[in-house]
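# Residue-level structure breakdown
Spelled out from the first residue to the last, the chains are:
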Amino acid sequence: MSEIDLETARNVAHLARIAVPEDTLPTLAQELSHMLSFMEQLNEVDVEGVEPMVSVTPMRLKRRADGVTDGDKQDRILANAPDAREGFFAVPKVVE
Amino acid sequence: MSALNTLTIAQARDLLRKGDVTSVALTEACLGAIEGAGRLNAFVHHTPDLALERARAADARLAKGDAPAMCGIPVGIKDLFCTEGVPSQAASRILSGFLPPYESTVSAQLRDSGAVMLGKLNMDEFAMGSSNETSVYGNAVNPWKVDDRDLTPGGSSGGSASAVAADLCLAATGTDTGGSIRQPAAFTGTVGIKPTYGRCSRWGIVAFASSLDQAGPMTKTVRDCAIMLEAMCGHDPRDSTSADLPVPDFEAMLTGDIRGQRIGIPREYRMEGMPAEIQALWAKGAEMLRDAGAEIVDISLPHTKYALPAYYVIAPAEASSNLARYDGVRFGHRAKLAQGDGITQMYEKTRAEGFGPEVQRRVMIGTYVLSAGFYDAYYNRARKVRTLIKRDFEDAFAAGIDAILTPATPSSAFGLGEMAEADPVQMYLNDVFTVTVNLAGLPGIAVPAGLDARGLPLGLQLIGRPWEEGALLNTAQVLETAAGFVSKPEKWW
């Protein structure tokens, strides 16, 4: 179950949106396989009837009034963008 | 008076309040020490002008006589904390050029209490590492040295540990997701506490694994940890997991009295192949606490063995989600695109160029364990195991255990580059004693307890009940006093 083949590695890299050159895919597949086999130890544990942890400290998330608390910061928000034009983030063409 | 940069927070605070020293003088001493310590590569962004400006403001505040404990104290800030107008890169290429327009809650609280930021500290990229070798800035170096090798200060808060141990600052902030405060503290003979999950606001700290990340102080003494922690923690409406609980006066809880406290020694932490020196130190630590009036109790934390594999499912899963925001659109690095490249190529090239190998590996393993078909087998199973790990601790505390004593690390500091050929899992074993604490959301502190045969520091870890950092610090100080660790690295840099 833990063997990651080249096709799976290629797919994971694509899902993660990280370009991985073809010639390094075998190394990546091997590393990922090794990490997964380390995780397989978890299969030894009897987790029957155990709830997956949602919050490490028992707490109810706070609620607040649904109101505007912040805003009007366009310049500051765009200040760190690699490419910002006319008040927008600029990206390469998305639709052909 | 010894050189000002070698003072503890408590000493400096008392001198500042008496008017025997100024914050400007303290700050200048630290800036001088930093200038002479380029070899350690601990400070990676220097802010001397800002530091002196804040030091002057602190002196003015002190002169008025109502300054809080951290007022005028020069500190270093880990690069993971967003600091307004000052580079905050999480030691990653992908955040090169990023200048936060806001200040993290923790560093803002320190700033508002009058602490003086000297600059930003080296770390592993996105806090992913145990040796400070994954940083875009290059390795931070441990001021401790026993031969011609450069040693790791540990990670991910390696720059913080190195800077505190080398007296470049009086204290520093760290963050701890699986041991990133406690392991470097142990490797450098310093003190570091990871508080209970929710004690410190995570707002403005670059996220790695949100359900595990906590900030904490890294200092020269337990008392300093108590003083600085108080300034760092407290409720923050901008972090929905921040606890709405009063912050106690931790320093006032350092009574030195631990009589009747029950200290657990978990048998599962006796790992196969554990160096005899570490076993001996652990036994000695238990003896010291017994001599101080505590009761030593053998306990069992049966799921300990599964903490590391659970962690290496959960942390990468959360990281893959958190790090999705680095897409080359809103901040940081964007790859140069070829003719005809679309938005997907922009994402893929940007992230390939911007993330180092360890971060890429973890993002991809996280993507895998969250992907359709594997979510239950890996991610949900790991979260169930996490429930069991937490339950182990709850059972121990319910049986009357007040704190748990363990080694902090499975070895002393190793040489930089020595793990380069090892597979990633070997490096992960550094966290074997610390990672359980993050999974259970508990407070944990590393205290220097002795030197190994080569002359390198070794630390012990104390784990406390949730929200009882005060009692934990008190026990830690008893251990610190009994161990009498006073060694300092000899200056070679």
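Residues numbered from 1 in each chain as written. Chains lettered and ligands numbered in written order. Predicted model: local features only at pLDDT ≥ 70, side-chain atom pairs only at ≥ 80, totals over all residues.

As a further point, take the overall build of chain B. Assigned secondary structure in chain B consists of 15 helices and 11 strands. Expected size for 493 residues packed as a compact globule is a radius of gyration near 23 Å; at 21 Å, chain B falls within 12% of this value. Each principal axis of the C-alpha atoms in chain B carries an extent, and together these give about 70 × 55 × 50 Å. In chain B, which comprises 493 residues, the proportion classed as buried is 63%. (Helix = DSSP H or I, 4+ residues; strand = E, 2+ residues; numbered from the N terminus. Rg over C-alpha atoms; globule rule 2.2 N^0.38 Å. Buried ≥ 20, exposed ≤ 12 C-beta atoms within 10 Å, placed from the backbone.)

This part takes up the overall build of chain A. Within chain A, the regular secondary structure consists of three helices and two strands. Put simply, chain A runs from its N terminus to its C terminus through helices and strands in the order α-α-α-β-β. Compactness check: chain A gives a C-alpha radius of gyration of 22 Å against a globular reference of 12 Å for 96 residues, more than 25% above the reference. Reported as C-alpha extents along the three principal axes, the dimensions of chain A are approximately 55 × 45 × 25 Å. A total of 96 residues make up chain A; the buried ones form 19% of that total.

With that out of the way, let us pick up the interface of chain A and chain B. Tallying the contact residues gives 36 residues for chain A and 56 residues for chain B. Elements that contribute at least two residues to the side of chain A that touches chain B include exactly helix 1 (6-15) and helix 2 (25-39) of chain A. A per-element tally of the side of chain A that touches chain B places helix 2 of chain A first, with six residues. In terms of residue class, the side of chain A that touches chain B is built from 25 nonpolar, four polar and seven charged. (Contact = placed C-beta atoms within 7 Å. Nonpolar A, V, L, I, M, F, W, Y, C, P; charged D, E, K, R; others polar.)

Further remarks concern the pairing of strand 4 (residues 171-176) of chain B. Residue and element names in this part refer to chain B. Where burial is concerned, most of strand 4 is hidden: six out of the six residues are buried. Residues of strand 4 alternate between two faces, with Ala 171, Thr 173 and Thr 175 on one and Ala 172, Gly 174 and Asp 176 on the opposite face, all of them buried. Alignment of strand 2 (residues 74-78) against strand 4, held across two bridges, turns out to be parallel. Considered in strand 4, the bridge of Gly 76 is made with Ala 172. Pairing of strand 4 with strand 6 (residues 214-219) involves six bridges; the strand directions are antiparallel. (Pairing = 2+ DSSP bridges.)

This paragraph deals with the packing of helix 2 of chain A against helix 11 (residues 357-370) of chain B. Here helix 2 of chain A crosses helix 11 of chain B at 60°, and the two axes come no closer than 11 Å. In terms of orientation, helix 2 of chain A and helix 11 of chain B fall into the oblique class. As helix 2 of chain A packs across helix 11 of chain B, the resulting crossing turns out to be right-handed. Taken together, the residues of helix 11 of chain B that come into contact with helix 2 of chain A (itself represented by A:Glu31, A:Leu32 and A:Met35) are B:Arg361, B:Met364, B:Ile365 and B:Tyr368. Taken together, the residues of the contact of helix 2 of chain A with helix 11 of chain B break down into five nonpolar, no polar and two charged. (Axes fitted to C-alpha atoms, helices over the stretch in contact; angles between N-to-C directions. Parallel < 35°, antiparallel > 145°, perpendicular 65-115°, else oblique. Left-handed = near helix turned anticlockwise from the far one by under 90°.)

In this section: the nonpolar core. Across soluble globular proteins, nonpolar side chains have a tendency to be buried as a group. Residue and element names in this part refer to chain B. Counting residues in hydrophobic clusters, the biggest one holds 174 residues, and the most contacted among them are Val 75 and Leu 462. With 10 residues, the single largest contributor to this core is helix 9 (residues 307-322). Once you skip the residues sitting within four places of it in the chain, Leu 462 turns out to touch Ala 403, Ile 404, Leu 405, Ile 445, Val 447, Leu 472, Thr 475, Ala 476 and Leu 479. (Core = buried A, V, L, I, M, F, W, Y, C linked by C-beta atoms within 7 Å.)

Our focus in this paragraph is the sheet that holds strand 1 (residues 43-46) of chain B. Residues and elements named next belong to chain B. Here we have 11 strands laid out as an open sheet, ordered 1-3-2-4-6-5-10-11-9-7-8, and mixed in their pairing. In this open sheet, the two edge strands, each paired with only one partner strand, are strand 1 and strand 8 (295-299). With direction set aside, neighbouring strand axes in the sheet form an average angle of 30°. Packing against the sheet, helix 3 (residues 48-64) makes contact with strand 1, strand 2 and strand 3 (116-121), and its axis sits at approximately 155° to strand 3. Contacts from helix 5 (residues 158-165) reach strand 1, strand 2, strand 3, strand 4 and strand 6, with the element oriented near 155° to strand 4.

What follows covers the environment of B:Leu62. All names here are of chain B. Among the secondary structure elements, Leu 62 is positioned in helix 3. As a C-alpha pair, Leu 62 and Val 369 span 307 residues in sequence and 53 Å in three-dimensional space. Those residues in contact with Leu 62 that lie beyond four places of it in its chain are Leu 16, Arg 17, Ser 23, Ala 67, Cys 71 and Gly 72.

What follows concerns the packing of helix 2 (residues 23-35) of chain B against helix 3 of chain B. Residue and element names in this part refer to chain B. Packing of helix 2 against helix 3 leaves a shortest axis separation of 8 Å and a crossing angle of 155°. Classified by the interaxial angle, the pair formed by helix 2 and helix 3 is roughly antiparallel. Considering only the axes of helix 2 and helix 3, their crossing is right-handed. In contact with Ser 23, Val 24, Thr 27 and Leu 31 of helix 2, helix 3 contributes Pro 48, Ala 51, Leu 52, Ala 55, Arg 56, Ala 58, Asp 59 and Leu 62. In terms of residue class, the contact of helix 2 with helix 3 is made up of eight nonpolar, two polar and two charged.

Residue and element names in this part refer to chain B. Pairing between strand 7 (residues 262-266) and strand 8: five bridges, direction parallel. Its bridge partner being in strand 8, Gly 264 is matched across the sheet by Val 297. You can see the chain leave strand 7, run along helix 8 (residues 276-291) and come back into strand 8, and the turn it takes is right-handed. Judged from the two bridges that link them, strand 7 and strand 9 (residues 403-407) form a sheet pairing that is parallel. (Right-handed = clockwise from strand over helix to strand, strands pointing away.)

Under the 1.5 Å per step criterion, the end-to-end length of helix 2 of chain A is 21 Å for 15 residues, consistent within 8% with the ideal 21 Å. Three or more residues of helix 2 of chain A are buried, namely A:Leu28, A:Ala29, A:Glu31, A:Leu32, A:Met35, A:Leu36 and A:Met39. An end-on view of helix 2 of chain A places all buried positions within 165° of arc, on one side of the element. Turned more than 90 degrees away from the buried face of helix 2 of chain A sit A:Pro26 and A:Thr27, all of them exposed. As for helix 2 of chain A, its buried residues are in contact with helix 1 of chain A together with helix 9, helix 11, helix 12 (375-398) and helix 13 (424-428) of chain B. (Expected span 1.5 Å × (residues − 1). Arc of directions from axis to C-beta.)

So, on to the environment of A:Thr57. If you trace the backbone, A:Thr57 turns up in the loop between helix 2 and helix 3 (74-78). Residue class for A:Thr57 comes out partly exposed when judged on the 16 C-beta atoms lying within 10 Å of it. Excluding residues within four positions of it along the chain, A:Thr57 makes contact with B:Tyr197, B:Gly198, B:Ala243, B:Gly441 and B:Pro466.

Let's shift gears to unusual backbone geometry. Glycine aside, residues mostly have negative phi angles, and peptide bonds mostly take the trans form. Residues and elements named next belong to chain B. Following Gly 155, the chain continues into Ser 156 via a peptide bond in cis, with omega recorded as 10°. Position of Ser 156 relative to the elements: it lies in the loop between strand 3 and helix 5. Of note, the phi angle at Phe 126 is positive, near 55°, even though the residue is not glycine. Looking at where Phe 126 falls in the secondary structure, it is placed in the loop between strand 3 and helix 5.

Residues and elements named next belong to chain B. Mapped onto the fold, Val 206 is located in the loop between strand 5 (191-194) and strand 6. Sequence-wise, Val 206 and Ser 92 are 114 residues apart; in three dimensions their C-alpha atoms are separated by 11 Å. Dropping the residues within four chain positions of it, Val 206 is found in contact with Leu 80, Cys 82, Ala 90 and Phe 126.

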